[in-house]
Every structure is written in structure tokens, then in C-alpha cells.
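Spelled out, the chains give:
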Amino acid sequence: MKLHEYQAKEILAKYGIPVPPGKVAYTPEEAKKIASEIGKRVVIKAQVHVGGRGKAGGVKLADDPNQAYEVAKQILGMNIKGLTVKKVLVAEAADIAKEYYAGLIQDRASQRVVMMVSREGGVDIEEVARENPQAIVKYKIDPHTGLRPFEARQIVLDAGLEGNLNKLADVLVKLYRAYAGVDAFLAEINPLVITADGQVVAVDAKIDLDDNGLFRHPDLAELREVEAEHPLEVEAQNYGFAYVKLDGNVGILGNGAGLVMYTLDLVNRVGGKPANFLDIGGGAKADVVYNALRLIAKDPDVEGVFINIFGGITRADEVAKGVIRALDEGVVKVPVVMRVAGTAEEEAKKLLEGKPVYMYPTSIEAAKAIVAMVEGKK
Amino acid sequence: MILVDKNTRVLVQGITGREGSFHTRQMLDYGTRVVAGVTPGKGGQEVHGVPVYNSVKEAMKDHQVDASIIFVPAFAAADAALEAAHAGVPLVVLITEGIPTLDMVAAVKEIKALGVRLIGGNCPGLISAGETKIGIMPGHVFKRGRVGIISRSGTLTYEAAAALSDAGLGTTTTVGIGGDPIIGTTFKDLLPLFNQDPETEAVVVIGEIGGSDEEEAAAWIKEHMQKPVVAFISGRSAPKGKRMGHAGAIIMGDVGTPESKVKAFEDAGVPIADTIDEIVELVKKTLG
Ligand SMILES: Nc1ncnc2c1ncn2[C@@H]1O[C@H](COP(=O)(O)OP(=O)(O)O)[C@@H](O)[C@H]1O
Ligand SMILES: [Mg+2]
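Residues numbered from 1 in each chain as written. Chains lettered and ligands numbered in written order. Predicted model: local features only at pLDDT ≥ 70, side-chain atom pairs only at ≥ 80, totals over all residues. Heavy atoms only, no water.

Chemist: Break down the overall build of chain B for me, citing the residues and quoting the values.
Modeler: Counting secondary structure elements, chain B contains 9 helices and 14 strands. Taken along the three principal axes of its C-alpha coordinates, chain B extends 55 × 40 × 30 Å. Considering only residue pairs separated by 6 or more positions, chain B has 73% of its internal contacts joining residues 24 or more positions apart. For chain B, the computed accessible surface area is about 10100 Å², with 49% contributed by carbon and sulfur atoms. Side-chain charges in chain B split into 27 positive and 34 negative, and the spacing between the mean points of these groups amounts to 2 Å. (Helix = DSSP H or I, 4+ residues; strand = E, 2+ residues; numbered from the N terminus. Contact = heavy atoms within 4.5 Å. Areas by Shrake-Rupley, 256 points an atom, 1.4 Å probe, with all protein chains shown as cover. Lys, Arg positive; Asp, Glu negative; His and termini not counted. Charge placed at Lys NZ, Arg CZ, Asp CG, Glu CD.)

Chemist: Describe the overall build of chain A, naming the residues involved and giving the relevant values.
Modeler: Helix and strand content of chain A: 13 helices and 18 strands. Along the longest, intermediate and shortest principal axes, the C-alpha atoms of chain A span 80 × 50 × 40 Å. Of all 378 residues assigned to chain A, the portion counted as buried reaches 54%. Of the contacts formed within chain A by residues at least 6 apart in sequence, a portion of 67% connects residues at least 24 apart. Surface accessibility of chain A: about 16100 Å² in total, with carbon and sulfur atoms responsible for 50%. For chain A, the separation between the mean place of its 48 positive charges and that of its 53 negative charges on side chains is 1 Å. (Buried < 20%, exposed > 50% of the residue type's maximum accessible area, 1.4 Å probe, protein only.)

Chemist: Lay out the sheet that holds strand β14 (residues 272–273) of chain B in plain terms, naming residues and giving numbers.
Modeler: Judged by pairing direction, the sheet is mixed, and its 7 strands sit side by side in the order β9-β8-β11-β10-β12-β13-β14 (chain B) without closing on themselves. Looking at the sheet topology across the chains shown, the edges are occupied by β9 (132–135) and β14 of chain B. As paired strands, strand β8 (residues 125–128) of chain B and β9(B) are joined by 4 bridges and run antiparallel to one another. By the bridge assignment, Gly125(B) is partnered in β9(B) with Gly135(B). Contacting β12 (202–208) and β13 (229–234) of chain B, helix α9 (residues 257–269) of chain A runs over the sheet at an angle of about 80° to β13(B). (Pairing = 2+ DSSP bridges. Axes fitted to C-alpha atoms, helices over the stretch in contact; angles between N-to-C directions.)

Chemist: I'd like a description of the coordination of the magnesium ion (ligand 2), backed by residues and values.
Modeler: All names here are of chain A. Around the magnesium ion (ligand 2), the protein contributes the donor atoms Asn190 (O) and Asp204 (OD), which lie 2.2 Å from the metal centre. Of this pair, Asn190 sits in strand β10 (residues 184–195) while Asp204 sits in the loop between β11 (200–202) and β12 (205–209), placing them 14 residues apart in sequence. Grouping residues by exposure puts Asn190 and Asp204 together as buried. (Donors = N, O, S within 2.8 Å, 3.2 Å for Na, K, Ca; no water.)

Chemist: Summarise helix α4 (residues 101–113) of chain B; cite the residues concerned and give the values.
Modeler: Residue and element names in this part refer to chain B. If you check α4, its first and last C-alpha atoms are 18 Å apart, about what 13 residues at 1.5 Å a residue would give, namely 18 Å. Listed as buried for α4 are Thr101, Leu102, Asp103, Met104, Val105, Ala106, Ala107, Val108 and Ile111. Where α4 ends, the next residue or the one after it, Gly115, has phi of about 75°, a positive value. (Expected span 1.5 Å × (residues − 1).)

Chemist: If you had to explain the site of ligand 1 to someone new, which residues and values would you point to?
Modeler: Residue and element names in this part refer to chain A. Looking at ligand 1, there are 17 residues lining it, with Lys45, Arg53, Gly54, Ala94 and Glu99 nearest. Gly52 places a main-chain nitrogen or oxygen 3.3 Å from an oxygen atom of ligand 1. Contact distances for ligand 1 include 3.2 Å between an oxygen atom and a backbone N or O atom of Asn190. Computed on the free molecule, ligand 1 has an accessible area of 540 Å², of which 83% lies beneath the protein chains in the complex. Where the shell around ligand 1 is concerned, the elements lending two or more residues are β2 (42–46), β7 (96–107) and β10. Here the residues of the shell around ligand 1 are counted per class, giving 7 nonpolar, 5 polar and 5 charged. (Near = heavy atom within 4 Å. Polar contact = N/O pair within 3.5 Å; in protein donor to acceptor, adjacent residues only side chain to side chain. Nonpolar A, V, L, I, M, F, W, Y, C, P; charged D, E, K, R; others polar.)

Chemist: Explain the packing of helix α11 (residues 316–328) of chain A against helix α12 (residues 345–352) of chain A to me, and be specific about the residues and the numbers.
Modeler: Residue and element names in this part refer to chain A. Put simply, α11 and α12 touch, their axes get as near as 7 Å, and they point 20° apart. Overall, the two elements α11 and α12 adopt an arrangement that is roughly parallel. For the pair α11 and α12, the sense of crossing is right-handed. Counting all contacts with α11, which are made through Ala316, Asp317, Ala320, Lys321, Val323 and Ile324, the residues of α12 involved are Glu345, Glu347, Ala348, Leu351 and Leu352. (Parallel < 35°, antiparallel > 145°, perpendicular 65-115°, else oblique. Left-handed = near helix turned anticlockwise from the far one by under 90°.)

Chemist: Could you give me a rundown of the interface of chain B and chain A, with the residues and numbers involved?
Modeler: On the side of chain A, 45 residues touch chain B, which itself brings 57 residues to the contact. Counting each side, the surface lost to burial between chain B and chain A is near 3900 Å², with a carbon and sulfur contribution of 61%. Interface area lost by chain B to chain A is led by Leu102(B), Lys109(B) and Met244(B), which between them contribute 16%. The interface formed by chain B and chain A contains 5 salt bridges. A salt bridge links Lys109(B) to Asp142(A); its shortest N-O distance comes to 3.1 Å. Linking chain B with chain A are 18 residue pairs in polar contact (both at pLDDT 80 or more). Those elements giving two or more residues to the side of chain B that touches chain A turn out to be α1 (18–30), α4, α5 (155–166), β13 and α9 (276–287) of chain B. Looking at the side of chain B that touches chain A residue by residue, the classes come out as 28 nonpolar, 16 polar and 13 charged. (Buried area = accessible area lost by both parts, 1.4 Å probe. Salt bridge = Lys/Arg side-chain N within 4 Å of Asp/Glu carboxyl O.)

Chemist: Got a sec to walk through the sheet that holds β2(A)? Specific residues and values, please.
Modeler: Residues and elements named next belong to chain A. A sheet is described by the order of its strands in space; here 4 strands give the open sequence β1-β6-β2-β3, paired in antiparallel fashion. Of all the strands in the sheet, just β1 (22–25) and β3 (59–62) have a single pairing partner and so form its edges. On average, each strand axis in the sheet is tilted by 25° relative to the strand beside it, whichever way the strands run. One ladder, built from 5 bridges, connects β2 with strand β6 (residues 88–92); its direction is antiparallel. Following the sheet pairing, Lys45 is matched in β6 by Leu89.

The following block contains the structure:
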């Protein structure tokens, strides 16, 4: 789950990392008021869940409250990479001498959290990684000790950061504490700024949370912004489905993430385009299948549905019952193809006899059939 | 067969819960030697005739345990795995889905340092066909035979096993290693075991997008594997940056792309199946 910059900065500040004073505004009037409270030059920053806001024109300076009003008016409502700006952060402008990068990520290969620090901050770190990889120092953190000051100081030295060594190391130590403290997936300060008078300040912050850790942080879980996601993804979440909205027209439903991914691949391979990923999970009962079909049917892009089930702990006949209910109630009005195998396969096939479902013995045949059907409709 | 057989004595952690008790019944029916269960605070009870203890240590005073399977809820699952490892259980199978990643980072490091093998989390477990099932897979689709399977997915594994069994090839041991980003055992940890196993004639590797475990497996195969391997990768049409059901199934930047995995396997001379049926065809072909 993504947090906004201002939310990430609140977390960093709580862990003792210096951030420029600021507040979030939803209207130009509010921005003006905050700017006058700050009483100095401010920066107005679009709060949307994407990076590169600066380049996109979503980060601008304002010398006084009136200018803050004008700039906020420009940025609010702006579209950045497909997202509408609904709020801005109004923060004191830092007097920047140097821009560095500090970040923490989960590194799957080493099974550790890795700290990355670079002299080349303020720019996209992936670009630095591509063009000048030696400019990034990487350090694997021991999960049982956390990042200790001596390690942090060495990282600062190895990265060649110029500025107060102890202050810089302190920010790194606290960044890891914040990361572990909120169960983050990713935490970045970019840029980490050295000001003209030698202060170390986190001028931008980004934190993505580990969804699996959210139960430990109910206060942060509340920050999820439903409007930032596809409405069907939000609804799927309420049902507990793993669902991803895709841009095609074939609705997909299956049991098990691997099988559903495979089903998407097959539909693609035979020239179709899936409208979604939907995994009903293990051991699903008829009502779960019924709800899953209702969700898929709500998607106006869906012109046909492909149900792919391999019964294991999930019984194919339970799935069939859910499908039949959805058909009988007229929930699904587009063609449905189905392939069932495994536990209770025969029972399922018997139940589905005479129902308006096209049954196929293999996944690939079913994929070809549904793609032909949605194509034929055009 | 690798890791487990009909003599493996199994402990079930979280045995009194809905999942734990359901799958204990299923495992017993399969023939698995479930000797004890643990649920803190419920010691002294019985589940399907299996005695329940308050801790792994107490269970091990009365029983010899070769493997533990964990059905404990996500918030306590890593702790349960550590409990088993510290009590001296040599093989820990972590079924639970949704464990906080940082819990796993710490637990995996500590469990490895203890010399214990951890499989999972977020996995279906493992099965040696006809001998023992320490997991949640439908046992009947696994017929004893010649092929080992290692997989990041659940259902797809059952599909592959069923197809191999229907084709008369059958399976030796099948290990579901799990769909999370941080897991205890990866492909390249298990390939050497299959390489040594006299019964296994070929290995099927079922990977998916995300991470670089497939690439590491391919590199190992290229250097050391003496038996044919067939690979399968799901999520080849998945969009970047989206989690496809599994916490670990996500393409991040240039890492975890299907192209990179396909290339790695091709470099290692490992044929890649595009469909489940093709897995069977390719295995047949490689076995001659
Ligand atoms: N409080 C601030 N004071 C001075 N300059 C700032 C401030 N916030 C941002 N900037 C400048 O704007 C650039 C881009 O802003 P940043 O917050 O990093 O957004 P993004 O990473 O989305 O582009 C920074 O690298 C910095 O140079
Ligand atoms: Mg930035």
C-alpha cells in the first residue's frame, strides 16, 4: 500500500528525521493560509501516488502566500501520469546545497533489507542504477541487529556523501527504524538534502507498506485511498479476492494464483485479452464463486467469461453450484466457457448439464473458444 | 524421493484450528504419520486421536518428530516456525499465507543458522507420492512415478502432477516452495537433492514472474544438473508492477520479467513448456 509524501514524512518525523515544516492543503485558500503560517518561501507539491512529480510540473516554489494561492490553484486538479491531484503539500522551501539519495528495499535474492545510498540524489534512482551503478552503495542489513550507527557511518563514507557525518548516519539509522517500525516494503528519501547552512533534511519521502504487515498498523491501514484504485479492485478487496483489473474483454476466474496467471497467458496466446485476474482462493464454496461472478459481471469491459478450475481442496461441484446460481439469477449475461478437472469433476459436469455454459476438456480449448466468441460478437 | 517418506513423523502446529484440524484428517487419511500436535493453551486435548501439546518442546519429550507443518495464523506464524526450529525439528513446512515480510526476513535467517530446512511460507507443502503428504494438496492426483516437481504455485502443481500421472509418468516428491517474496527454500536448494535421488529421472520446475529464483535455478542446472529438467513459467502476459495473487508474483522494474526467466532457462538448455500438456510431452521426450 502506497502512502503520500506528507504521510511518509509524518512517519519519518516521528522517528526523529528532520523534514521541512509543512501541511497538506485541499484548496488554494488553505495553501495560502499554510504559506502565511510558515512565513517563508514555500514549495507546493502535488500529493499523488507516483514519482517524478517534479518533472511533471507538480512541484513548484512560491515566494509569498499570494503566489502560493496561485501555484496551488494550478497544481490542484492537475493530471499527473493519469492521477488527478486532490491535495498538495505546502512546505518550507529548503535552501539546497546538495541532493543525495537514501532508500531501503526488500532484496529477494539476498533475503535481506538492503540500504541504498547515493551521491546522485534528486533524480530517478533507477536511472542512476542503469547509467552509473557504482554511484550507489548497497548494504545488507542484519534483521536481528537493525542498522547500527557504525554501519551507517561507513555507508555515508563509502557513498562519499559530504556533510556532517554523524547527522547523515543518524538519518540512515532512523530511516531503517522507521522502515521496520511500520512494516514498510520500500522507504526512500530522495532527495536527502544538505542545506546551505549544513542541516540534513528529508525533502522528499516515499513509503510503500507491506500489505501483509498492515494488521499491525490499523492507523496506517486507514490511510488507504480507495479512489486511487480501480473501483472493482476495491470491491474485490472487500470480498477478499485477489483481483487485478486488466485492459481486455475476457473475464477470468480460477482457483489458485498460478492457475489464474496461466489462464491469462493462454487467453493472450490465442489472441485474446483478459479483463481481469481473479483468484477465488483455496476451498471456495458456491457463494464465493457466485460473488466472484457478480464482480466480473459488473465490469462493463467483460464480453465473455472463462472459468478455469482444478479441483483440489476446492470442489468442482461447489464451483458449479455458484456458477449455476449466477446464471439462473441472470447475473452473467455474456457467454461463459468453463473447464473443470480434479476433485468432484464428474459431479460438477452433471450439475452443469443443460446449463448455458460451454464446457471444454482442456484449458487451451476453452481459451480458444471464449476468444472466438468475444471476437465473433464484434 | 527426497526429504520425506512414509516413516517421516509429523507434528502439526495449529492443530486445533479449522485448517489445522481439517488437514490433519486429510494427512492421516493419506497415510502420513502425524504423531502430535501443538496449540499453545490447548495441551491435553486430542484432534482426530492425535495428542495436543502446549509447545513443540513438550511434544518432543513424548515423540520423535522429523517434520513440522504449520497452520498458525499469519501474525504468529513466523514465531511458530522459530519455535519448531529451536526445539530441533529438522524440517519445517510453513503453510500460512500473508505473513509480514520482515517477520520472514528475520525468521529465515535464524532458522537457516540453526541448520533447519524451512519450506514456505504461503506454500502447499510437500508430498512423496504414495508415501506421505505433509501439505494441503489433493493426494489422489499424485501417482507414484519418475518425475520430481518444484513449484511456486499450488493449483498449477496439482495440474502438472495429474497430467504426469495420467500420462503414466507419475511423480516422486513434489515440493510447493510458496508464492511469497521471502521463502525458506528455493528451486536451487532442491535441485541438488533431486539430482542425487535415484528414483527421480526428471524434474519439472514451475516458476512464475517476480524475483530471480528461476534465473538462479537455471544457472545451477547449467553447471551441475545431470538429469533432464523441464520448466514452466506462469504470468508471462502479466502487466508490470501488479501483484498477481501471490505476494511474490510481481515484476518490479527489470527484475522478475518472464523474458529474463525464459532466457535463463534457454541458456541452460532447459526446454520451456507453454501449456500443462506440453510439460508432459517435453518430459516424455527428454526421458526418451
Ligand atoms: N521543500 C523543498 N525545498 C526545496 N526544494 C524542494 C523541496 N521539495 C522539493 N524540492 C525540489 O523539487 C525536486 C522534486 O521534488 P520531489 O519532492 O523529489 O518530487 P518527485 O520525486 O516526485 O519529483 C527535488 O529534487 C528538489 O530539488
Ligand atoms: Mg523525489
